[in-house]
Amino acid sequence: MIAAPLILIVAIIVIALVFDFTNGFHDSANSISTVVSTKVLSPRNAVLFAAFFNFLAAFGFGVAVADTISNIVELNVVTAAIIPYIVLGALTGAISWNLITWFFGLPTSSSHALIGGLTGAGISAAGLVAIKWPTVGLVTLFMVISPLIGLVCGFLFMAAILWLTRRSNKPKAEVHFRRLQLCSAAAYSFSHGTNDAQKTMGIIVPLLFSLGYYSADVNSSHLPVPFWVIIICYTTIALGTLAGGWRIVRTMGYKITKLRPVNGFAAETAGAATILGASAAGIPVSTTHVICSSIMGVGTTMGSSTVKWGVARSIMIAWILTIPVSALIGYASFQVIRIFIGY
C-alpha cells in the first residue's frame, strides 16, 4: 500500500475546509431564511450578521462535537497510513450529496452526509469493525429525536407567545418582535457555529493523528483539537455563510409556511435552544433538520393547513436518504482510491 505523502494530507485538509465552506454555504439558509423572509434584515445584512455569530462561536464553547466525529472510525483498528484515504472517501461522499441537494434546493444535513461518508469509507477500508457503531447509533437516534424536539419546542414556544400577547396591540407587538428577532437570529447563528464547524475539526484531527502530530501517550479516542484548527474551521464556515445558499433560503423562508417576525423569533429561539443543548452534550445534530422542524412547529399553531406538507415531505425524504446515499458514495469512492494506492 502507498502511504499518503504529506502533500496529499495537506490537500485532504484543504478538501475538508472546502466541505466546511459548503457546509456554511448550504446551511446559511438555516441562519438567515427567517430574517430575510420576514424582512427584518436585507439579504446582504443577514449573511454578514449570520457569519459574524457563526465565527463568534469559536470562543469558549468547547469541542465536544469534534470529539464525537473523530471517534466514528476506530483509529485503533485501521492503520495510520490508511486514515487519510478514508477521510478523502468520506469527504467525497459528503460534498457530493451537499451539491446534489443544493442543486435541487433541498435543506438536508451536511452533518449526516459527513457521518454517512465516514461510515461508508470506513467499511470499504476495513469492514464493519472499523466503525464505532454506538457513536453512529447515537447520531442516528438524534437524527430522529432532534427534529421532534425542534417541532415540539417551536409549537410550544409559539403557543406561549400567542397566549402572552393575546391582549397586546398587534402592530406594536410586531415592532417589538422585529427587534427581538435580531436576538433570536444571533442565537441561532451562534448555535449553528457551535455544532457545524466542529464537524470539520473532527475530520482534520484524525489526519493530524496519521501524521504523528500527537505524542505517543495521547489517547486516540480523545484527541485534542489544536487552536489553529479551531480558528481556521470557524473562519471557513463563516466565509461559506457569507456566500449564501439562496435556493435553500427560498425553500425554508417562503415555501414551508408564511412567516411574520413573531414566527421567525419563535422558530429561531426554539432551534437555538435545541442545538445548543446538543452541542453541550457533544451530539452532532442536523441544524437544518432542527430549524425546518421548528418552522413547521410554529406553523402548526396557525393551523396545520398553513404548513405546506408537500414541501415538508420532499425535505423529509431527502433527510432519510442522506446517510445511506452519502455512505454509498463514500464506499464507492474508497473502492476507487484503493485501486491507486494498492490497498
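Residues numbered from 1 in each chain as written. Predicted model: local features only at pLDDT ≥ 70, side-chain atom pairs only at ≥ 80, totals over all residues. Heavy atoms only, no water.

## Considerations on the overall build of the chain
Turning to step 1, where the next piece is worked out: On a plain count of helices and strands, the chain comes out with twelve helices and zero strands.
Turning to step 2, where the next piece is worked out: Taken from N to C terminus, the helices and strands of the chain fall in the order α-α-α-α-α-α-α-α-α-α-α-α.
Turning to step 3, where the next piece is worked out: A buried classification covers 56% of the 343 residues belonging to the chain.
Turning to step 4, where the next piece is worked out: For the chain, the proportion of contacts with a sequence separation of at least 24, taken over those separated by at least 6, is 88%.
Turning to step 5, where the next piece is worked out: Accessible surface, the chain as shown: approximately 13500 Å² in total, 73% of it carbon and sulfur. (Helix = DSSP H or I, 4+ residues; strand = E, 2+ residues; numbered from the N terminus. Buried < 20%, exposed > 50% of the residue type's maximum accessible area, 1.4 Å probe, protein only. Contact = heavy atoms within 4.5 Å. Areas by Shrake-Rupley, 256 points an atom, 1.4 Å probe, with all protein chains shown as cover.)

## Quick look at the side chain of Ser-191
Turning to step 1, where the next piece is worked out: Along the chain, the position of Ser-191 falls in helix α7 (residues 170–210).
Turning to step 2, where the next piece is worked out: Excluding residues that lie within four positions of it along the chain, Ser-191 makes contacts with Ala-272, Ile-275, Leu-276 and Ser-279.

## Here we look at the packing of helix α6 (residues 133–164) against helix α10 (residues 261–280)
Turning to step 1, where the next piece is worked out: Two numbers describe how α6 lies on α10: the axes approach to 8 Å, and their chain directions differ by 140 degrees. In terms of their interaxial angle, α6 and α10 are classed as oblique. For the crossing formed where α6 meets α10, the hand is right-handed. Side by side, α6 and α10 meet where Ser-146, Ile-149, Gly-150, Cys-153, Gly-154, Phe-157, Met-158 and Ile-161 of the first sit next to Val-262, Asn-263, Phe-265, Ala-266, Thr-269, Ala-270 and Thr-274 of the second. (Axes fitted to C-alpha atoms, helices over the stretch in contact; angles between N-to-C directions. Parallel < 35°, antiparallel > 145°, perpendicular 65-115°, else oblique. Left-handed = near helix turned anticlockwise from the far one by under 90°.)

## So, the nonpolar core
Turning to step 1, where the next piece is worked out: In this structure, Ile-86, Leu-91, Met-201 and Ile-204 are the most contacted members of the largest nonpolar core, which totals 54 residues.
Turning to step 2, where the next piece is worked out: Those elements that place two or more of their residues in this core are α1 (6–37), α3 (64–70), α4 (83–103), α5 (110–126), α6, α7, α8 (227–243) and α12 (309–341).
Turning to step 3, where the next piece is worked out: Not counting residues within four places of it along the chain, the set of residues in contact with Met-201 comprises Val-63, Ala-66, Val-225, Val-229, Ile-230, Cys-233 and Tyr-234.
Turning to step 4, where the next piece is worked out: Listed in part, the 15 residues of the second largest apolar core include Phe-177, Val-262, Val-290 and Ile-291. (Core = buried A, V, L, I, M, F, W, Y, C linked by side-chain atoms within 4.5 Å.)

## Considering a nonpolar patch on the surface
Turning to step 1, where the next piece is worked out: Residues Leu-6, Val-10, Val-14, Val-18, Leu-211, Tyr-213, Trp-228 and Ile-232 make up a contiguous nonpolar surface patch of roughly 710 Å² in combined accessible area.
Turning to step 2, where the next piece is worked out: Breaking the nonpolar patch down by element, the ones donating at least two residues are α1 and α8.
Turning to step 3, where the next piece is worked out: It is α1 that contributes the most residues to the nonpolar patch, four residues altogether. (Patch = residues over 30% accessible without salt bridge, like charges linked within 9 Å, V, L, I, M, F, W, Y side chains within 5 Å. Salt bridge = Lys/Arg side-chain N within 4 Å of Asp/Glu carboxyl O.)

## Section: the side chain of Ser-333
Turning to step 1, where the next piece is worked out: For Ser-333, the location among the structural elements is in helix α12.
Turning to step 2, where the next piece is worked out: The buried category is assigned to Ser-333, whose relative accessible area is 13%.
Turning to step 3, where the next piece is worked out: Setting aside chain neighbours within four positions, we find Ser-333 in contact with Gly-89 and Thr-92.

## Some remarks on the confidence of the model for the chain
Turning to step 1, where the next piece is worked out: When pLDDT is averaged along the chain, the result is 83; 87% of the residues meet or exceed 70.
Turning to step 2, where the next piece is worked out: Confidence, read as mean pLDDT per element, is least for helix α9 (residues 246–255) in the chain (54) and greatest for α8 (91). (pLDDT = per-residue confidence, 0-100.)

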